[in-house]
Amino acid sequence: MKILKQVVGIDVAMDELVSKFGFLNEELNIKFKSDDVFKNTEKGFVKLIDWTEKHLSAETELLFVMEATGVYHEKLAHWLHKKSKKVSIVLPNKISNYARTLDIKTVTDKTAAEAITRFGLERNLDTWEPPHQIYSRIKQLTREREQIVSERTVIKNRLHAENSEAFPNPNSLKRLNKRLKLLNGQEKEIKKEISQMIREDKKVQDHVNNIITIPGVGELTAAIVLAETNGFELIRNKKQLTSYAGLDVREKQSGISVKGKPRISKKGNRYLRKAVHLPALTAVKHCEQYKRTYAGLVGRHGIKMKALVAIQRKLLELMYILYKTESIFDPGYEEKRKALINIPEPLESSLS
C-alpha cells in the first residue's frame, strides 16, 4: 500500500530522545513501525539516523517533528538541518492540546512521542529553519539579561528585608550591595553588546529603528521581540503571533451551566509577554491613541489588567506590521482610516 507521509516524532528530554516512527497510508490510516530511545548527544543523533533508515520508505520524504522544549531540542534540530533532514518544531501547548483528544490514559515519554508523531502525520507543518545568526546571538544575550534582572530583584528584596530588621548585619549588607553592583554592571555590558550587534547589521538596525517609533517601545524591547520570533520568520499572521506569545484569549463555555471568564492562555513565549508589559504601561500614559483605547476598555468591563493585556497584544501586532511593511508608526493612522471609511459616496454612484 502506498505511503503518503512518514514522520519520526521525538519527545526530547535533557539526556534522551524518545522516538516513534509512523506513516500515513493511502487509506489515510496511521501506522507505527518502531520506537526507540537515543541519547541526546551527537553519537545518539547518528544512531537515530541509522535507526530511521532501517524503516524508511523511498516513496516519500521523512519529517522529524519535536516540541520546543526549552533548549534541549536545539542541538538535535541544528544537527538534523545540517544533514539536510526536514525538521518541524511545534509549541508544547499545541501538542498537549492535541494529546487530550487522543485516547491516552497513561502519559509517558513513549505516549508523548506517539502523540507528536500523530500530530506530524495529521497536520501540514512548516519546515523549521535555523534562526539567523544575529537573532540567535541577541536571544542568548537578552535571556542572560533576564536571568540577571531576576537575580537582582531577589537581591533587592533581601536588602530590603535586611534593612528592615532591628539589627541588620553590616557584613551581609556589604556583600548584598557588592553583588547588586556587579549585576548592574553586567546588565549594562549586555545592553551595550546588544546595541553594538544591531548597529553592525544595517537591515536589523533599520527594522529596530522602525519598531522603536512606537510609543513606549525601546531598543531592548525591539531586540527581544525580533530575537524571540527570529525576525517573525515563521509568523504568518497577527493571530498566530499572539498565540505564540500566549496573549490569545481562552474562553470556557458550555450550555448554561459552565461559563468561565475569558483569560489569556499564557501558553506561549513568556519572554515576549514580559517584553511588552512595560511598553504597554508607557503607551497608555503617553500616547493619546492607546490612552483612549485603554480608557474605553476599562470603561467597558472595569478590569485594568485585562485592558492592559489588550494593549500589549496591540503593540506586539503593530511591531509585526511595521516589520513586514518596513514602515514607521503613524499616530494619526486610526483617524485617517476612520475618515476614509466615512467618506460619502459620489452623487453619481448614489443615484445609480
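Sequence positions are assigned chain by chain, starting from 1 and proceeding in written order. Thresholds applied to this predicted model are a pLDDT of at least 70 for local features of residues and 80 or more for the giving and counting of side-chain atom pairs; totals over whole chains, interfaces and linings are not thresholded and use all residues. Excluded from the side-chain calculation are hydrogens and water; included are all heavy atoms of the structure.

Segments assigned H or I by DSSP are reported as helices when at least four residues long, segments assigned E as strands when at least two residues long, and all are numbered from the N terminus. Looking only at helices and strands, the protein has 15 helices and 9 strands in total. When each of the 352 residues of the protein is scored for burial, the buried share is 40%. In what follows, residue pairs with any heavy atoms lying within 4.5 Å of each other are defined as contacts. Taking the contacts inside the protein whose residues are at least 6 apart along the sequence as the reference set, 62% of them involve residues at least 24 apart. Under the scheme applied here, a residue whose accessible area is under 20% of the maximum for its type counts as buried, over 50% as exposed, and between as partly exposed, the area being computed with a 1.4 Å probe on protein chains only.

What follows deals with the pairing of strand β3 (residues 30–39). Whether two strands pair comes down to DSSP finding at least two bridges between them. Bridge analysis of strand β2 (residues 16–25) against β3 gives 9 bridges, and the strand direction is antiparallel. Paired with Leu-24 across the bridge in β3 is Ile-30. Counted between consecutive antiparallel strands, the loop separating β2 from β3 contains 4 residues, among which Leu-28 sits at a positive phi close to 65 degrees.

It is worth spelling out the sheet that holds β3 at this point. Sheet architecture is open: 5 strands sit in the order β3-β2-β1-β4-β5, paired in mixed fashion. Two strands bound the open sheet, and with one partner strand each, they are β3 and β5 (86–90). On average, each strand axis in the sheet is tilted by 20 degrees relative to the strand beside it, whichever way the strands run. Inspection of the sheet shows strand β1 (residues 3–12) paired to strand β4 (residues 62–67) by 5 bridges, in the parallel sense. Bridged to Gln-6 within β4 is Leu-62. Sheet strands in contact with helix α4 (residues 109–122) are β1, β2, β3, β4 and β5, and its direction is about 145 degrees off that of β1. Every angle, taken between N-to-C directions, lies between 0 and 180 degrees, and every axis is a line fitted to C-alpha atoms, over only the stretch in contact when it is a helix.

Two elements in contact, helix α11 (residues 277–286) and helix α13 (residues 304–325), have axes separated by 9 Å at closest approach and are oriented at 105 degrees. The orientation of α11 with respect to α13, classified from their angle, is roughly perpendicular. Residues His-277, Pro-279, Ala-280, Leu-281, Ala-283 and Val-284 of α11 pack against Leu-308, Ile-311, Gln-312 and Leu-315 of α13. Classifying every residue of the contact of α11 with α13 gives 8 nonpolar, 2 polar and no charged. Relative orientations are named as follows: roughly parallel for angles under 35 degrees, roughly antiparallel for angles over 145 degrees, roughly perpendicular for angles from 65 to 115 degrees, and oblique for any other angle. Gly is put with the polar residues, along with every residue not named as nonpolar or charged; the nonpolar set is Ala, Val, Leu, Ile, Met, Phe, Trp, Tyr, Cys and Pro, and the charged set is Asp, Glu, Lys and Arg.

With respect to burial, β2 is a largely interior element, 9 of its 10 residues being buried. Alignment of β1 against β2, held across 9 bridges, turns out to be antiparallel. Residue pairing in the sheet places Ile-3 in a bridge with Asn-25 of β2. Where β1 folds back on β2, the antiparallel hairpin that results is connected by 3 residues.

On to the nonpolar core. Judged by nonpolar contacts, the single largest core of 48 residues is most densely connected at Ile-138, Ile-214, Phe-232, Tyr-290, Leu-315, Leu-316 and Met-319. Those elements giving two or more residues to this core turn out to be α5 (133–164), α6 (170–200), α7 (202–211), α8 (219–228), α9 (238–245), α11 and α13. Take this core: its biggest share by element is 10 residues, from α13. Those residues in contact with Met-319 that lie beyond four places of it in its chain are Ile-211, Ile-214, Val-217, Thr-221, Val-225, Phe-232 and Val-276. As used here, the term nonpolar core means buried Ala, Val, Leu, Ile, Met, Phe, Trp, Tyr and Cys residues forming a set that is joined through side-chain atoms within 4.5 Å. Core analysis: the second largest hydrophobic core is formed by 19 residues, Trp-51, Phe-64, Ala-77 and Trp-79 among them.

So, on to the packing of aromatic side chains. Side-chain rings of Phe, Tyr and Trp, where Trp is taken by its six-membered ring, are said to pair if the distance between their centres is within 6.5 Å; with planes under 30 degrees apart they count as stacked, over 60 as edge-to-face, and otherwise as tilted. Inspection of the entire model under this criterion finds 6 aromatic pairs. Taking the centre distance of 6.2 Å and the plane angle of 80 degrees together, the rings of Phe-21 and Trp-51 count as edge-to-face. Of the two residues, Phe-21 sits in strand β2 while Trp-51 sits in helix α1 (residues 42–55), which places them 30 residues apart along the sequence. There is no split in this pair, since Phe-21 and Trp-51 are both buried. With 5.4 Å between their ring centres and 75 degrees between their planes, Tyr-98 and Phe-119 make a pair best called edge-to-face.

The next thing to look at is the packing of helix α12 (residues 288–301) against α13. It is the contact of α12 with α13, at a shortest axis distance of 8 Å, that shows an interaxial angle of 145 degrees. Here α12 runs over α13; the crossing is right-handed. Facing α12, whose interface residues are Tyr-290, Thr-293, Tyr-294, Leu-297, Val-298 and His-301, α13 presents Lys-304, Lys-306, Ala-307, Leu-308, Ala-310, Ile-311, Lys-314, Leu-315 and Leu-318. Classifying every residue of the contact of α12 with α13 by side-chain character gives 10 nonpolar, 2 polar and 3 charged. Here a crossing is called left-handed whenever its near helix is offset anticlockwise from the far helix by less than a right angle, and right-handed whenever the offset is clockwise.

Turning our attention to the side chain of Glu-146. Tracing the backbone shows Glu-146 in helix α5. Apart from residues no more than four positions distant in its own chain, Glu-146 is found in contact with Tyr-271 and Lys-274.

Right, let's talk about the environment of Val-18 for a bit. Inspection of the secondary structure assignment puts Val-18 in strand β2. Measuring from C-alpha to C-alpha, the distance between Val-18 and Glu-114 comes to 9.4 Å, with 96 residues separating the pair along the chain. Ignoring anything within four residues of it in the chain, the contact list for Val-18 reads Gly-9, Ile-10, Asp-11, Asp-36, Val-37, Asp-109, Lys-110 and Ala-113.

Attention now moves to the confidence of the model for the protein. On average, residues of the protein carry a pLDDT of 88, and 89% of them reach 70 or more. The pLDDT value tells you how sure the predictor is about a given residue, anywhere from 0 up to 100. For the stretch residues 253–260, pLDDT sits under 50, and the model shows 6 contacts to residues farther than four places along the chain or on other chains. Scored below 50 in pLDDT, residues 345–352 makes 0 contacts in the model with residues more than four places away or belonging to other chains.

A few words now on unusual backbone geometry. It is generally the case that most residues other than glycine have a negative phi and that most peptide bonds are trans. The backbone of Asn-230 shows a phi angle near 55 degrees, a positive value even though the residue is not glycine. Along the chain, the position of Asn-230 falls in the loop between α8 and α9. For Asn-230, a relative accessible area of 10% corresponds to the buried category. Even without glycine at this site, Glu-326 takes up a positive phi of about 55 degrees. By secondary structure assignment, the location of Glu-326 is in the loop between α13 and α14 (333–341).

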